[in-house]
Amino acid sequence: MSATAIRTGGLALRRPALTRRASALVTLARRRAALTAANPRQIAVPLLTPILFATVIAPALSKALGGLHTHIDYIAFVSVGTVGLLVPLAAIFAGLSVIVDRHSGAQKELLAAPIPRALLVLSNLVVVLALATFQVVVLIAVAALRGGIFHITASGVAWFVAASVLFTVFMYGVAETLAARIPRQEEYIAATPVVAILPFFFAGALFPIHVLPGALAAFAKLLPLTHALALMRYGFVDHHGTGLHDIWGMSNTTTEAWLSLAVVLLFAAAFIALGIRTFKRSAVS
Amino acid sequence: MQLTYAQDTEFDRPAIEVRALRKVYRGGVEAVKGIDFEVAPGEVFGLLGPNGAGKSTTIGMLTTTVVPTSGSARLAGYDVVKEPRRARSVSSVVFQEAVVDSGLTGRANLDLHARLWGVAPAAASTRIDELIEAFGIAELIDRPVEGFSGGQRRRLEIARALVSQPQVLFLDEPTVGLDPRIRHELLDVIAGLRSRHDMTILLTTHYLDEAQQLCDRVAIIDQGEIAALDTPAMLLAGLGDEILELRVDGDGDAALASLRARGIANTDAFAIGSSLTIALDGRPAGETIAAIADAGVKASGFMTRPPTLDDVYLRLTGAPIAEAA
């Protein structure tokens, strides 16, 4: 039996705060990734939906409806619209894992760790962002291979990335808030259609919002998804910004784009802050 | 292998200081009613009481998952409300229920703790290997935890708590729900932790034998208040070397009052239903049994035995701990 003398006390708090937090964030994100993508099946299954949309649904709708009768390619239009389904589902399912953590996982151990508790939320967000990015890249690539016509420029990529990232942050904020407030998985799953799927049908994912009745079109303009999709299409599909004009009705497309980005940013900041606050409050009694 | 620990903090400072700590939950339930205690570095301290007594709320306040309504608590000098992260950095918790990532391997669970508590990678690797060896989990450490038995998982959780070499280790009902064999194995493991100098252990349990076996001092907590706090030996001393148990026909309280009036039972005696427990205080058991018969109390099932913490608990709270739990 050998004896090992080891010093104790405040180990985690001796390193510079920023390094410590970054290290903890990476550790927690790696944990979440290991739990949610532990095998190839867990990575492949979420890709089925975007691949089906890009290869089957978008071309079929294009053929059945005869496209948009504009300069915009309908396969590309629907493919970008599908982001409005992929991201919410990825975020909502990530929220489900928060409930699993709370009931049968290591959440209590994580709450006992000497780290800011907001990192538990932000690390999950990092993984959702990575997963959503992966799905969106596959979706656009497959849609392009299937014949979708995209007009991708550097500034277009910037608009697309900004809109999709901020929308993902918003959706994860919603998911985290719900996960913290809803006690059981069954109740949480019951909320999924309303939160993740319903806005998809109002936000101009499959058709432009100007074809909606007036009241519904006005409602659509309040949804962050409508703004995010219009921005993503402005970036990748339609440099004329038809979707942005439908929302704002202004003559300057760039101004409209910045306004829509501000809307999505506002929703993202508000809901991720709400998600963190709700999680922190639910974690203590 | 034996690990020894040297602390950074001053040795004259208590590892745990609790002052007038109180918790009232929403709805007005007062779970903890202004308790006070101190635990010295290296001490094993037991919080003993039934479910609902306030043990878990107390641990929750000390581990910063329950916000105190009033009062204060410090771990190694760090205020749990004002400096929660510092307080968490010097402590680890083994929870009552399973708190692990079942989909990850045992080693990944240990590694996660090391990283979150800021243990340097090289030191963490060495320490994890030592703990795996010390806790006898080398064979299964690289398998997913979902395949572990209850006892193996408990060992893993205790090993995990030690990876960061805490100054204060909280063990919240560590053996609850385990079968007797695994429970006794685990008690040996926990008893082994005592040899790790200067690590303070706060153990909650409603198994009185565990508290008696493991703790330097015990606080008996009942309905949010500390009913008694001392070493197990001193708590037992109040009941003498030997006690007499008997069963009476009819009302136990009335029989006890009658025996007290005749000086056969003193104030340490107590009745639970029709069972009486009387400290003999050096008198021969036969003499006391004869006196009970002379007093006209019809009794049977006489038994003498040394007192246990169970008797102390019954005397203080008036209910068996198992019944209260």
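(A) A look at the overall build of chain A. Scanning chain A for helices and strands turns up 11 helices and one strand. When the helices and strands of chain A are placed in sequence order, the string is β-α-α-α-α-α-α-α-α-α-α-α. A compact globule built from 285 residues would reach a C-alpha radius of gyration of about 19 Å, and chain A, at 21 Å, matches this within 12%. Based on the C-alpha atoms only, the size of chain A along its principal axes is roughly 80 × 40 × 35 Å. With 285 residues in all, chain A has 45% of them scored as buried. Counting contacts in chain A only where the partners sit at least 6 residues apart, residues at least 24 apart contribute 78% of the total.

(B) Representation of the confidence of the model for chain B within the structure. Residue and element names in this part refer to chain B. The predicted model of chain B has a mean per-residue pLDDT of 86, with 93% of residues at 70 or higher. For residues 1-10, every residue scores under 50 in pLDDT, and the model assigns this stretch 40 contacts once sequence neighbours within four places are set aside. This model gives residues 321-325 a pLDDT under 50, and the stretch forms 10 contacts once residues within four places in sequence are excluded. With a pTM of 0.84, the predicted complex shows an ipTM of 0.83.

(C) Quick look at the sheet that holds strand β12 (residues 243-248) of chain B. Residues and elements named next belong to chain B. The four strands lie next to each other as β13-β14-β12-β15, forming an open sheet whose pairing is antiparallel. Bordering the open sheet on either side are β13 (270-272) and β15 (299-305), each of which pairs with just one other strand. Taken pair by pair, the neighbouring strands of this sheet meet at an average axis angle of 20°, ignoring direction. Two strands pair when backbone bridges link them, and β13 and strand β14 (residues 275-279) are joined in this way by three bridges, in the antiparallel orientation. Within the sheet, the bridge partner assigned to Phe270 lies in β14 and is Thr277. Against the sheet, helix α10 (residues 285-294) contacts β12, β14 and β15, and its axis sits at roughly 160° relative to β15.

(D) View of the pairing of strand β3 (residues 30-39) of chain B. All names here are of chain B. Sheet topology note: the strand β2 (residues 16-24)/β3 ladder contains seven bridges and is antiparallel. Paired with Leu21 across the two strands is Ile35, which belongs to β3. Where β2 folds back on β3, the antiparallel hairpin that results is connected by five residues, among which Gly27 adopts a positive phi of roughly 100°.

(E) Spotlight on the sheet that holds strand β8 (residues 168-172) of chain B. Residue and element names in this part refer to chain B. Strand order across the open sheet formed by six strands is β7-β8-β9-β4-β10-β11, with mixed pairing between neighbours. Edge positions in the sheet fall to β7 (91-94) and β11 (225-230), since each of these pairs with one other strand and no more. Strand-to-strand, the axes of this sheet are offset by a mean angle of 15°, without reference to chain direction. Where strand β4 (residues 44-48) meets strand β9 (residues 200-205), five bridges bridge the pair, whose relative direction is parallel. The residue bridging Gly46 from the neighbouring strand is Leu203, located in β9. Strands β4, β10 (217-222) and β11 of the sheet are contacted by helix α11 (residues 309-317), whose axis makes an angle of about 35° with β10.

Cut-offs and rules
Residues numbered from 1 in each chain as written. Chains lettered and ligands numbered in written order. Predicted model: local features only at pLDDT ≥ 70, side-chain atom pairs only at ≥ 80, totals over all residues. Helix = DSSP H or I, 4+ residues; strand = E, 2+ residues; numbered from the N terminus. Rg over C-alpha atoms; globule rule 2.2 N^0.38 Å. Buried ≥ 20, exposed ≤ 12 C-beta atoms within 10 Å, placed from the backbone. Contact = placed C-beta atoms within 7 Å. pLDDT = per-residue confidence, 0-100. Pairing = 2+ DSSP bridges. Axes fitted to C-alpha atoms, helices over the stretch in contact; angles between N-to-C directions.

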